[in-house]
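Descriptive analysis of the structure
Residue strings, one per chain:
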Amino acid sequence: MKGSNAKDILVNNSNKEMSEMQTKNQVEDSIIQESLLTCIDLANSDLHQSALLLKKACLDSGFFYVINHGISKEVTDKAFEQSKKFFALPSEEKMKVLKNEKHRGYTPLYDQIPDPENQVQGDHKEGYYIGSEVPRDDPQWDRPFYGLNTWPNPDVLPGWRETMEEYHQEALRVCKAIAKLLALSLDLDADYFDSPEMLGKPISTLRLLHYEGISDPSKGIYGTGAHSDYGMITLLATDGVMGLQICKDRNAKLQKWEYVSSIEGAIVVNLGDMMERWSNGLFRSTLHRVILNGQSRYSIPFFVEPNHDCIIECLPTCQSENNLPKYPAIKCSAYLTQRYEESHLKFSSYKKTNLS
């Protein structure tokens, strides 16, 4: 009897080890392919054709490329060049513009941990936030996501602010063009999202990112941990270094991750949780993360949300008697504040647990 038990234990252990190895191999196999994303031509005069393509992409993953977007190579190259100059500064110089309470300025390495259940340390990236610039004489300048930006010393980085302001303006223009296609794809008027209470005075944030190191998901080390974006639309320009991965089914027992490759002249676009909420779950806000291979990697995401007072509630074309609204109505600023606070609490809890 004892011998039989010992034999059973050996067999069970062997089976367990084999199962763990198979699972590990499945995980490794599941991230080697590249995702095939739809490409939207913003110069296409047939808006309804583009809207149909966009709808297909948003039903599938909420990730797609845009080409002929109008942001010149010169403007993009300047933004990357100035971004690299900032991140190459000594640490003490960067810390002079540390992120403030309005989420403007520099964020050092390991400052965020979007996936604390799977990350053993913060993201292997440093960043810089540049938000919607609203002057002090504007009655709304003190709203949580409006206000003045924090800028590096112009004597240290001449032309830096002007470069980022130009890119910010160009990226916002592209987001508004995409918003027209989103509206058409949801059977709304093309200008639905361009109203004063929506994108007339949007919350728009440019973020510069610099990644370094090597990721090891098996050890919980990531360039950026798995997350979905909070807002409406995100544009992503990269330097061509691979790293971005998406997972179309976050609820799968074994998550399948796919690389998103860079295409020369194209911008990667994805929808955020707010757009999924607006569309009553029809359009997708997909999990994504960044896996590093030891190369320095630079990217420039641009996030757009409607203005503070916009009510995010199920769109009229996304509900019916048989498809009632899944989410309660909420003001944009309240929603964003809630999401930022949740993220901060996660990071604070992580630091308390892991650094105590």
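Where an unreviewed UniProt entry is consulted, the chain appears under the name Fe2OG dioxygenase domain-containing protein, with the organism given as Brassica napus. Of the chain, the UniProt comment under Sequence similarities (unreviewed entry) reads exactly: "Belongs to the iron/ascorbate-dependent oxidoreductase family."

1. Here we look at the sheet that holds strand β2 (residues 63–67)
The strand order β1-β2-β10-β7-β12-β5-β4-β3 describes an open sheet built from eight strands, whose pairing is mixed. One side of each edge strand has no neighbouring strand; the edge strands of this open sheet are β1 (39–41) and β3 (105–107). Mean inter-strand twist for the sheet, computed between neighbouring axes without regard to direction, equals 25 degrees. Bridge count between strand β5 (residues 203–211) and strand β12 (residues 297–305): seven bridges; the pairing is antiparallel. Its bridge partner being in β12, Tyr211 is matched across the sheet by Arg297. Relative to β1, helix α2 (residues 47–60) is tilted by about 155 degrees, and along the sheet it contacts β1, β2 and β10 (267–271). Against the sheet, helix α5 (residues 160–185) engages β1, β2, β4 (125–130), β5, β7 (233–238), β10 and β12, with an angle of about 130 degrees to β7.

2. A short note on the pattern of salt bridges
When their charged atoms lie close together, side chains carrying opposite charge are able to pair. The full count for this structure, using the stated rule, is 15 salt bridges. Here Glu81 ties to Lys85 by a salt bridge, and the two come within 3.7 Å at their closest N and O atoms. Of this pair, Glu81 and Lys85 both sit in helix α3 (residues 73–87), four residues apart, which is roughly one turn of the helix. Where Asp123 meets Lys125, a salt bridge forms, and the shortest distance between an N and an O atom there is 2.5 Å. For the pair Asp123 and Lys125, a shared accessibility class is recorded, and that class is buried. Among the charged side chains, a salt-bridge network with shared partners connects Glu133, Arg161 and Glu165.

Cut-off values and rules
Residues numbered from 1 in each chain as written. Predicted model: local features only at pLDDT ≥ 70, side-chain atom pairs only at ≥ 80, totals over all residues. Heavy atoms only, no water. UniProt positions renumbered as here; feature names shortened; annotations may be inferred. Pairing = 2+ DSSP bridges. Helix = DSSP H or I, 4+ residues; strand = E, 2+ residues; numbered from the N terminus. Axes fitted to C-alpha atoms, helices over the stretch in contact; angles between N-to-C directions. Contact = heavy atoms within 4.5 Å. Salt bridge = Lys/Arg side-chain N within 4 Å of Asp/Glu carboxyl O. Buried < 20%, exposed > 50% of the residue type's maximum accessible area, 1.4 Å probe, protein only.

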